[in-house]
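# Structural description and commentary
The residues making up each chain are set out below.
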Amino acid sequence: DAGVIQSPRHEVTEMGQEVTLRCKPISGHNSLFWYRQTMMRGLELLIYFNNNVPIDDSGMPEDRFSAKMPNASFSTLKIQPSEPRDSAVYFCASRPTLGQGSHEQYFGPGTRLTVT
Amino acid sequence: EDKVVQSPLSLVVHEGDTVTLNCSYEVTNFRSLLWYKQEKKAPTFLFMLTSSGIEKKSGRLSSILDKKELFSILNITATQTGDSAVYLCAVEYPNQGGKLIFGQGTELSVKP
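Residues numbered from 1 in each chain as written. Chains lettered and ligands numbered in written order. Predicted model: local features only at pLDDT ≥ 70, side-chain atom pairs only at ≥ 80, totals over all residues. Heavy atoms only, no water.

### Thoughts on the overall build of chain A
The test is simple: By the criteria applied, helices consist of DSSP H or I runs no shorter than four residues and strands consist of E runs no shorter than two, each listed in order from the N terminus. All radius of gyration figures rest on C-alpha atoms, and the globule criterion is 2.2 Å times the number of residues raised to 0.38. Throughout this description, buried means an accessible area under 20% of the type-specific maximum (1.4 Å probe, protein chains only), exposed means over 50%, and partly exposed covers the range between. Two residues qualify as a contact provided that any one of their heavy atoms is within 4.5 Å of a heavy atom in the partner residue. In this count, Lys and Arg are taken as positive residues and Asp and Glu as negative ones, while His and the chain termini are left out. To locate a charge, the coordinates of NZ of Lys, CZ of Arg, CG of Asp or CD of Glu are taken.
Along the backbone of chain A there are zero helices and 11 strands. Put simply, chain A runs from its N terminus to its C terminus through helices and strands in the order β-β-β-β-β-β-β-β-β-β-β. Over its C-alpha trace chain A gives a radius of gyration of 14 Å, about what one expects of a compact globule, namely 13 Å for 116 residues. Principal axes of the C-alpha set define a box for chain A whose edges measure 45 × 25 × 25 Å. Counting over 116 residues, chain A shows a buried share of 48%. By sequence separation, contacts in chain A at least 24 residues apart represent 54% of the contacts at least 6 residues apart. With 11 positive and 12 negative side-chain charges, chain A shows a separation of 3 Å between the mean positions of the two kinds.

### Thoughts on the interface of chain A and chain B
Convention followed: In the analysis that follows, any N or O atom pair within 3.5 Å is treated as a polar contact, provided that within protein one partner can donate a hydrogen and the other can accept it, and provided that, for residues neighboring in sequence, both atoms belong to side chains. Polar here means any residue outside two lists: the nonpolar Ala, Val, Leu, Ile, Met, Phe, Trp, Tyr, Cys and Pro, and the charged Asp, Glu, Lys and Arg; Gly therefore counts as polar.
With 22 residues of chain A at the contact, the number on the chain B side is 18 residues. The tally of links from chain A across to chain B stands at seven residue pairs in polar contact (both at pLDDT 80 or more). Across the side of chain A that touches chain B, the residue classes tally to 11 nonpolar, seven polar and four charged.

### Examining the packing of aromatic side chains
Heads up, the condition is: Ring pairs shown here join Phe, Tyr and Trp side chains whose ring centres sit within 6.5 Å, with only the six-membered ring taken for Trp; geometry is labelled stacked below 30 degrees between planes, edge-to-face above 60, and tilted in between.
Counting across every chain of the model gives 10 aromatic pairs over all chains. With centroids separated by 5.3 Å and ring planes inclined at 35°, the aromatic side chains of tyrosine 35 of chain A and phenylalanine 107 of chain A adopt a geometry described as tilted. On the criterion of sequence distance, the pair formed by tyrosine 35 of chain A in strand 4 (residues 31–38) and phenylalanine 107 of chain A in strand 10 (residues 106–107) is long-range, its members being 72 residues apart. By relative accessible area, tyrosine 35 of chain A is classed as buried at 0%. On the basis of relative accessibility, which here comes to 10%, the residue phenylalanine 107 of chain A falls in the buried class. Following the ring pairs from residue to residue traces out a cluster consisting of Phe33, Tyr35, Tyr48, Phe91 and Phe107 of chain A together with Tyr36, Phe45 and Phe102 of chain B.

### Notes on the sheet that holds strand 6 (residues 56–58) of chain B
Residues and elements named next belong to chain B. Put simply, the rule is: Here, a strand pair is defined by DSSP locating no fewer than two bridges between the strands. Between N-to-C directions, angles span 0 to 180 degrees; the directions come from axes that are lines fitted to C-alpha atoms, helices contributing only their stretch in contact.
Pairing is antiparallel in the open sheet, where five strands are placed in the order 1-3-8-7-6. One side of each edge strand has no neighbouring strand; the edge strands of this open sheet are strand 1 (3–7) and strand 6. Between one strand and the next, the sheet's axes are offset by a mean angle of 15°, whatever the strand orientation. Inspection of the sheet shows strand 3 (residues 19–26) paired to strand 8 (residues 71–76) by six bridges, in the antiparallel sense. Residue leucine 21 lies in a different strand from strand 8, and its bridge partner there is leucine 74.

### With respect to the state of the cysteines
Each disulfide consists of one covalent bond between the sulfur atoms belonging to two cysteines. Residues and elements named next belong to chain A. To keep things clear, this is the line we draw: Disulfides are defined in this document as cysteine sulfur pairs within 2.5 Å.
Per the counting criterion, the structure on display carries two disulfides over all chains. Each sulfur in the disulfide pair cysteine 23 and cysteine 92 lies 1.9 Å from the other. Across the disulfide from cysteine 23 to cysteine 92, rotation about the S-S bond amounts to roughly -65°, and the bridge is consequently left-handed. Here cysteine 23, found in strand 3 (residues 19–24), pairs with cysteine 92, found in strand 9 (residues 88–95); they are 69 residues apart in sequence, far enough to count as distant.

### Considering unusual backbone geometry
With an omega of -10°, the peptide bond running from serine 7 of chain A to proline 8 of chain A counts as cis. Positionally, proline 8 of chain A belongs in the loop between strand 1 (5–7) and strand 2 (10–13). In this structure, proline 8 of chain B follows serine 7 of chain B across a cis peptide bond, with omega equal to -10°. Residue asparagine 52 of chain A is not a glycine yet carries a positive backbone phi of 75°. Mapped onto the elements of the fold, asparagine 52 of chain A is located in the loop between strand 5 (42–50) and strand 6 (53–56). For leucine 70 of chain B, which is not glycine, the phi dihedral falls at a positive 60°. Residue classification places leucine 70 of chain B among the partly exposed residues on the basis of a relative accessible area of 33%.

The analysis is restricted to geometry; functional conclusions fall outside its scope.
Laid out in structure tokens, this is it:
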């Protein structure tokens, strides 16, 4: 299995631009999570989906952030407009269905976002 | 507010030393506690603990959970330079599809 796939791996953009981060979870996993990691705040959960449905978006910092999961194999996290304080590493993780073996989260390689 | 607190935040040791990393938690609901290792890239899973007093082992790493005192420890014996990483502790909420709250992490540096 290829694991969780994220793209792009690095993104540099100017303040005010729209940024779209992409994630392909592991096949068969029914939960998907978006995290943001910074030195100051550590690893924070932004939003997660179960069976493609958003369950908890309380970690989304503000309306500039939005996430979608149109099908079981693809999710996007969009920031519009981007700001320098959004600079961070964004991780996507997926998790198997409960009851199907171990249920820890598997993380993708992350997207390092720099907003100038 | 629910929180997971790790200590120390950073640690420098020499190869061969034994280290103990601490994780305490204050959460309203608890399902399990997980340890991850992060080496300049994505976190990778180490252990999941759900019951008190049962030690999980993987080679030189071991971990145990105390649900009464609300903490867990991760031990690494005979440390190697390859153990250098950030170790993350996370608590999983029950019935919330696997939602985790992470601690700040402990940055371990093992010198030759």
